[in-house]
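A structural walkthrough
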Amino acid sequence: MSTTTTPGVAKNPAPAKVSKARPRRGLKANSTFNFWLFTGPFLIGLVIFVFVPIGWSLYLSFFEARFTVTPSEFVGLENYKQILSDTDFRNSLVTFTVFAAFIVPTTWALSLGLALMVNRLRFMQAFFRSVFFLPTAVSYAAAALIWKMSIFNGVRFGMANTFLGWFGVENIAWLDNPDPPWYWLVIVTVRLWLQAGFYMILFLAALQNIPRELYEAAAIDGAKPGWQTFRYITLPQLRATSTAVILLLLIAAYQAFDEFFILLGKATWGMPPLVELYKMALGENQNYGAGSAGALVLTVLICLVTLLQGKIMGFGRGDESQ
């Protein structure tokens, strides 16, 4: 008996054999190995150069350690009493609390203003973004030397004195006299020039993430472009970024060292806490125990100020608009 096949109709193909998937071997299969391969060197460096020095500094702060990092005698809290009773260190803490209270909001306002201007540009936005960001690539030491030797030189050849001389103003010794404290103008301007561009980039990224629908809805509700839109839409949407920027600025203010050390040299006034600790630990007496105690006091102070500022600004809230 013959079978007929209907033309145009294909037979059902035989089911393909399902082969068992072989486990993938090598680096692609071992995600744990990949993780430690890439993060291991960083973690090792973090432990060796950060955690171990912090732990050893804490250990040294309870011992007498002069001219050596090997403790010789347990003194308890004596180093903390010494550092807290040191007049220069206490004055530096007070001075730089005032400095932080001034430089932080000034840098925040300047960075936000630059970000708003760059964000509104319709052409050459990348150019101006790069121009304002470039100063962050300059080291603090190099910028301090430029400010000291060229712009705010105390002689008449300095750029600032040359400009003031056009209006009949006598030469000003910007960095040689604490009364009046002209040196603050030098330090504040160089820090603004170095920092503003970096924080501008953070604000610019946050501005570009604000939904345009919010502005359109505000326009429908009758909100006027400008101050009203900025106050009720833009600024609340930047709360998280503003909090992070202020936290970073506070920490940077208390960690100031390079520009002060270069600009003021061996002056006994206007020095930051880190310079005072540098003198104590690496000066003539080389008291590493007291220097370690002072470093931990400064660390605790930075943590307390940071936590207080984060609490005030509501750091960690999920809703940006609150």
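From a predicted model like this one, the values you see are computed outputs, not experimental measurements. (Residues numbered from 1 in each chain as written. Predicted model: local features only at pLDDT ≥ 70, side-chain atom pairs only at ≥ 80, totals over all residues. Heavy atoms only, no water.)

**Considering the overall build of the protein chain**
The line we're drawing: Comment: elements are numbered from the N terminus, with helices defined as DSSP H or I runs of at least four residues and strands as E runs of at least two. Only protein chains enter the calculation, and the probe is 1.4 Å; a residue is then buried if its accessible area is under 20% of its type maximum, exposed if over 50%, and partly exposed in between. Working rule for contacts: check all heavy atoms of both residues, and any pair within 4.5 Å makes them a contact. All accessible areas in this document rest on Shrake-Rupley with a 1.4 Å probe, and a residue is counted as covered only by the protein chains that are shown.
Helix and strand counts for the protein chain stand at 13 helices and two strands. Within the protein chain, buried positions represent 33% of all 322 residues. Contacts spanning at least 24 positions in sequence make up 68% of the contacts within the protein chain whose residues lie at least 6 apart. When the accessible surface of the protein chain is summed, it comes to about 20800 Å², and 66% of that surface belongs to carbon and sulfur atoms.

**Observations regarding the pattern of salt bridges**
How we decide: Each reported salt bridge corresponds to a side-chain nitrogen of Lys or Arg within 4 Å of a carboxyl oxygen of Asp or Glu.
Under the criterion given, the structure shown has two salt bridges. A salt bridge links glutamate 64 to arginine 66; its shortest N-O distance comes to 2.6 Å. A relative accessible area of 35% means that arginine 66 is categorised as partly exposed. Arginine 191 is the salt-bridge partner of glutamate 259, the closest N and O atoms lying 2.6 Å from each other.

**A look at the environment of phenylalanine 62**
In this structure, phenylalanine 62 sits in the loop between helix H1 (31-60) and strand S1 (63-64). The class of phenylalanine 62 is partly exposed, set by a relative accessible area of 26%. Ignoring any residue separated from it by four or fewer positions in sequence, one finds phenylalanine 62 in contact with Glu73, Phe74, Val75, Gly76, Leu77, Asn79 and Tyr80.

**Points about the nonpolar core**
As a reminder of what qualifies: Throughout this description, the term nonpolar core refers to a set of buried Ala, Val, Leu, Ile, Met, Phe, Trp, Tyr and Cys residues connected via side-chain atoms within 4.5 Å.
Formed by 64 residues in total, the largest nonpolar core has its most connected members in Phe99, Phe260 and Leu264. For this core, the element with the highest residue contribution is helix H7 (residues 183-208), accounting for 15 residues. Here phenylalanine 99 is in contact with Trp184, Ile187, Val188, Arg191, Ala253 and Phe260, once residues within four sequence places are set aside.

**Section: the packing of aromatic side chains**
The condition is simple: A pair of aromatic rings is counted whenever rings of Phe, Tyr or Trp (Trp by its six-membered ring) have centres within 6.5 Å, and the orientation is called stacked for planes under 30 degrees apart, edge-to-face for over 60 and tilted otherwise.
One pass over the structure, following the stated rule, counts 24 aromatic pairs. For the ring pair phenylalanine 96 and phenylalanine 99, a centre distance of 5.1 Å and an interplane angle of 65° mean the geometry is edge-to-face. Placement of both phenylalanine 96 and phenylalanine 99 in helix H3 (residues 87-120) is noted, with a separation of three residues, approximately one turn of the helix. Exposure remark for phenylalanine 96: the relative accessible area of 0% places this residue in the buried category. Overall, the relative accessible area of 4% leaves phenylalanine 99 in the buried class. With a centroid separation of 5.4 Å and an interplanar angle of 10°, the aromatic rings of phenylalanine 257 and phenylalanine 261 are classed as stacked. Phenylalanine 261 gets classed as partly exposed once you look at its relative accessible area, which sits at 34%. Ring pairing ties together the aromatic residues Phe96, Phe99, Tyr183, Trp184 and Phe260, which thus form one cluster.

**As for the side chain of serine 57**
Within the secondary structure, serine 57 sits in helix H1. Dropping the residues within four chain positions of it, serine 57 is found in contact with Ser292 and Leu296.

**What to know about the packing of H3 against helix H10 (residues 239-254)**
Convention followed: In this analysis an axis means a line fitted to C-alpha atoms, helices contributing only their contacting stretch, and an angle means the value between N-to-C directions, from 0 to 180 degrees. Here is the rule for handedness: rotate from the far helix to the near one, and if that takes an anticlockwise turn smaller than a right angle the crossing is left-handed, while a clockwise turn gives right-handed. Residues are grouped as follows: nonpolar covers Ala, Val, Leu, Ile, Met, Phe, Trp, Tyr, Cys and Pro; charged covers Asp, Glu, Lys and Arg; every other residue, Gly included, is treated as polar.
Where H3 contacts H10, the axes come no closer than 9 Å and their chain directions differ by 140°. Considering the relative orientation of H3 and H10, their crossing is right-handed. Contact residues: Phe96, Thr97, Phe99, Ala100, Ile103, Val104, Thr107 and Trp108 in H3; Ser242, Val245, Ile246, Leu249, Leu250, Ala253 and Tyr254 in H10. Its residues assigned to classes, the contact of H3 with H10 shows twelve nonpolar, three polar and no charged.

**A look at the environment of proline 178**
Its location among the elements puts proline 178 in the loop between helix H6 (159-165) and H7. You can call proline 178 partly exposed: its relative accessible area is 36%. Along the sequence, proline 178 and alanine 267 sit 89 residues apart, while their C-alpha atoms lie 9.3 Å from each other. Contacts of proline 178, omitting those with residues within four sequence positions, involve Tyr183 and Trp269.

**Re unusual backbone geometry**
Phi is positive for methionine 124, close to 55°, though the residue is something other than glycine. Relative to the helices and strands, methionine 124 resides in the loop between H3 and helix H4 (125-133). Classification of methionine 124 by relative accessible area gives partly exposed; the value is 44%.

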